Amino acid sequence: MSMNRPDETTLHAWVDGELAPGRAAEVAQWLSEHPGEAARAAALQAQCASLRALHAQVLDEPVPRRLRQALRRPPLQWHWPHALAAGVMLSLGLGLGYGLGSRAPGAWPQAAQAQLPVFVREAAAAHAVYVPEQRHPVEVAAQQQAHLVQWLSKRLGVQLKVPVLEAQGFHLVGGRLLPGEAGQARAQFMYQDPAGERVTLYVSVLSREDGAAAAPPVAFHWTGDESAQGFYWIDGRQGYAVSAALPRERLYALAEAIYRQLD
Amino acid sequence: MDIDAVIVHIPRLRRYARVLVGDAARADDLVQDTLERACQKWALWRPPDAASADQVQAALRGWLLTLMHNLFANQWQQAARRRMVDWDETLGPAHDPTSDLGLRLDLQHALTLLAPQAREVLLLVAMEQYSYAETARMLDIPIGTVMSRLARAREQLRRLMEGGAPSRATLKAIK
């Protein structure tokens, strides 16, 4: 082969696939005749491979919330329903808990994590798992809402309703069936606003031991857990938990809208 | 195009930043700054004309990496006095101010000892597999500079990993 020794940049360009096919073939031929240089080229290729593998596990990690939120524009101006909800809360005063209008205002202390009903912990876990999901956030999409409701109602054993939260700025993404801690069927509905913020509503049918309430009063309880904050309430045999990375006031407005529609 | 299109690129940005700065928390800080910059500048982002969906995504990723590079460059220019390795474009590939460390280092540690300019070129070409031309465009440097920085970065990295003394004689023979 008449080719001269390839210079250093040519060797790198060959490793990086930057050479035209004819030139690359010449270099490959020359390397096949010079095992010492071929070994050096192989070492460069190995270095590339080790760089591509470095911290590759980060590619599979869920995106931290603070990074998802970095894409959010400044919060929109509050619309009328939110302002009303905030007014209601202020009138109840801080630290009183968040009772519901004419129903007895439940002056419950903020529940510690350990005292949370099991279904609320399930809801928080399900929220954390599925909200960052980009490709498969739901099992059945909102386009098949009739099927979704019929299917989940059948599995939970009660007739479910899917609240409409368009007035609060959230549209339904869809829902999924989930296992409760003791193997019960649970339902999760996911909503999203135009900015991509997601809200989940977790619905569970409770037994007496699970904390099913015999009768009203219904009260909203706040769960201020770092990973998923939200409100939960128990209405008869059904437990509901609303979770989102939203300010308490907006979550309250969502919880109230959901409660009113399900009542 | 909505800014939510950026979300799918975050894992890749996180990994690139992680290797670039070497520390998980500082890497996510850099990603966060990049995403905030992307929000501010979103109106300026234009997908290439007549591009396929894949090409649009590739262009968007390149745009984000360019934003990250600009932020990163500002950071290390401000911290220039604390830089661990001096960088002089006029020195040949055999010059290695880290050669007397005499330690065998792991890959991430060795990378953080490279000059930031060299690290960026190496990661964009070897890890992210951008062409020399794309790398030159993102970093706003001539393609010849990409090639010379790349060769030196690889050589420095190899020696840091081996922990041996610089083998200038071998290098002379290659040139």
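A brief report on the enclosed structure follows. Treat the numbers as computed from the prediction; the structure is a model and nothing was measured.

Examining the overall build of chain B
For chain B, the helix and strand inventory stands at 8 helices and 0 strands. Residues classed as buried in chain B amount to 33% of the 175 residues present. Long-range pairs, those at least 24 residues apart, make up 70% of the contacts in chain B between residues at least 6 apart in sequence.

A closer look at the overall build of chain A
On a plain count of helices and strands, chain A comes out with 8 helices and 7 strands. Among the 263 residues that make up chain A, the fraction classed as buried is 31%. Sequence separation of 24 or more characterises 61% of the internal contacts of chain A that already satisfy a separation of 6 or more.

A closer look at unusual backbone geometry
The backbone phi angle of Ala50 of chain B is positive, close to 50°, even though this residue is not glycine. Since 6 C-beta atoms lie within 10 Å of it, Ala50 of chain B is described here as exposed.

Side note on the sheet that holds strand S6 (residues 229-235) of chain A
Residues and elements named next belong to chain A. Here we have 7 strands laid out as an open sheet, ordered S1-S2-S3-S4-S7-S6-S5, and antiparallel in their pairing. Single-partner strands in this sheet number two, and they are strand S1 (140-141) and strand S5 (221-223). Here S5 pairs with S6 via 3 bridges, running antiparallel. Paired with His221 across the two strands is Tyr232, which belongs to S6. Each of strand S2 (171-179), strand S3 (185-192), strand S4 (198-205), S5, S6 and strand S7 (238-244) is contacted by helix H6 (residues 118-130), which is oriented at about 35° to S7, the strand it contacts most.

Here's the deal with the pairing of S4 of chain A
Each regular strand carries side chains that alternate between the two faces of the sheet. Residue and element names in this part refer to chain A. With 8 of 8 residues buried, S4 lies mostly within the body of the structure. In terms of strand pairing, S3 meets S4 through 6 bridges, oriented antiparallel. Its bridge partner being in S4, Gln188 is matched across the sheet by Tyr202. Between the antiparallel neighbours S3 and S4 lie 5 residues, among them Gly196 with a positive phi of about 95°. Note that S4 and S7 share 7 bridges and pair antiparallel. Paired with Ser204 across the bridge in S7 is Gly239.

Points about helix H8 (residues 248-262) of chain A
In this model H8 of chain A runs 21 Å from its N-terminal to its C-terminal C-alpha over 15 residues, within 8% of the 21 Å that 1.5 Å per residue would give. All of the buried residues along H8 of chain A are Arg250, Leu251, Tyr252, Ala253, Leu254, Ala255, Glu256, Ala257, Ile258 and Tyr259 of chain A.

Quick word on the environment of Gly157 of chain A
Residue and element names in this part refer to chain A. Mapped onto the secondary structure, Gly157 falls in the loop between helix H7 (145-156) and S2. A count of 11 C-beta atoms within 10 Å places Gly157 in the exposed class. Expressed as a C-alpha distance, the spacing of Gly157 and Val205, which sit 48 residues apart in the sequence, is 8.1 Å.

Things to note about the pairing of S2 of chain A
All names here are of chain A. When S1 meets S2, the two strands line up antiparallel, connected through 2 bridges. From the neighbouring strand, Val140 faces S2, where its bridge partner is Gly175. The pairing of S2 with S3 spans 8 bridges and is classified as antiparallel. Following the sheet pairing, His171 is matched in S3 by Gln192. Where S2 folds back on S3, the antiparallel hairpin that results is connected by 5 residues, among which Gly183 adopts a positive phi of roughly 85°.

Some words on the packing of helix H2 (residues 24-41) of chain B against helix H3 (residues 53-78) of chain B
Residues and elements named next belong to chain B. Orientation of H2 relative to H3, taken along the N-to-C sense of each, is 120°, at an axis distance of 9 Å. It follows that H2 is oblique to H3 by the angle criterion. The chirality of how H2 crosses H3 is right-handed. Residues Leu30, Asp33, Thr34, Arg37 and Ala38 of H2 touch H3, and the partners they reach there are Leu64, Leu67, Met68, Leu71 and Phe72. Of the residues assigned to the contact of H2 with H3, the class counts are 7 nonpolar, 1 polar and 2 charged.

Some words on the packing of helix H1 (residues 10-21) of chain B against helix H5 (residues 116-127) of chain B
Residue and element names in this part refer to chain B. Contact geometry for H1 and H5: axes closest at 10 Å, N-to-C directions at 140°. Taken together, the axes of H1 and H5 are oblique relative to one another. The hand of the H1/H5 crossing is right-handed. In contact with Tyr16, Val19 and Leu20 of H1, H5 contributes Arg119, Glu120, Leu123 and Met127. Grouping the amino acids of the contact of H1 with H5 by side-chain chemistry returns 5 nonpolar, no polar and 2 charged.

Let's talk about the interface of chain B and chain A
Taken together, the contact pairs 35 residues of chain B with 28 residues of chain A. Sorting the residues of the side of chain B that touches chain A by element identifies H1, H2, helix H4 (107-112), H5 and helix H7 (143-162) of chain B as the ones contributing at least two each. Here the side of chain B that touches chain A takes 7 residues from H1 of chain B, the largest share from any one element.

Description of the environment of Ala13 of chain A
Residues and elements named next belong to chain A. By the secondary structure assignment, Ala13 is in helix H1 (residues 8-15). Residues Ala13 and Ala24, 11 residues apart in the sequence, show an inter-C-alpha distance of 8.8 Å. Ignoring anything within four residues of it in the chain, the contact list for Ala13 reads Glu18 and Leu19.

A short note on the nonpolar core
Ranked by size, the top nonpolar core spans 45 residues in total, and within it Ala17, Val121 and Leu123 of chain B carry the most contacts. Of all the elements in the fold, those that place two or more residues in this core are helix H4 (65-70) of chain A together with H1, H2, H3, H4, H5, helix H6 (132-139) and H7 of chain B. Counting residues per element, this core draws most heavily on H5 of chain B, which supplies 8 residues. Other than its neighbours up to four places away in sequence, Leu123 of chain B contacts Leu51 of chain A together with Tyr16, Val19, Leu20 and Glu128 of chain B. If you look at the next biggest cluster of nonpolar residues, it comprises 42 residues, including Ala123, Phe220, Ala241 and Leu254 of chain A.

Parameters at a glance
Within each chain, residues carry numbers counting from 1 in the order of the written sequence. By the order in which they are written, chains take letters starting at A while ligands take numbers starting at 1. Reporting of local features is limited, given that this is a predicted model, to residues whose pLDDT is at least 70; pairs of side-chain atoms are given and counted only at 80 or more, and all residues count toward the totals for whole chains, interfaces and linings. Here a strand is any run of E in DSSP of at least two residues, a helix any run of H or I of at least four, and the numbering for each starts at the N terminus. Residues are called buried when their C-beta atom has 20 or more other C-beta atoms within 10 Å, exposed when it has 12 or fewer, and partly exposed otherwise; all C-beta atoms are positioned from the backbone. Note on contacts: each residue gets a C-beta atom placed from the backbone, and two residues are in contact if those atoms are within 7 Å. A pair of strands is treated as paired once DSSP finds two or more bridges between them. Lines fitted to C-alpha atoms define the axes here, with helix axes fitted over just the stretch in contact, and angles between the N-to-C directions of these axes take values from 0 to 180 degrees. One less than the number of residues in a helix, times 1.5 Å, gives the span that helix is expected to have. Orientation is classified from the angle alone, with under 35 degrees giving roughly parallel, over 145 giving roughly antiparallel, 65 to 115 giving roughly perpendicular, and any other angle giving oblique. Handedness of a helix crossing follows the sense of rotation of the near helix relative to the far helix, less than a right angle counterclockwise being left-handed and clockwise being right-handed. Following the grouping adopted for this structure description, the nonpolar residues are Ala, Val, Leu, Ile, Met, Phe, Trp, Tyr, Cys and Pro, the charged ones are Asp, Glu, Lys and Arg, and the polar ones are all others, Gly among them. Core membership is restricted to buried Ala, Val, Leu, Ile, Met, Phe, Trp, Tyr and Cys residues, and these are joined into a nonpolar core through C-beta atoms within 7 Å.

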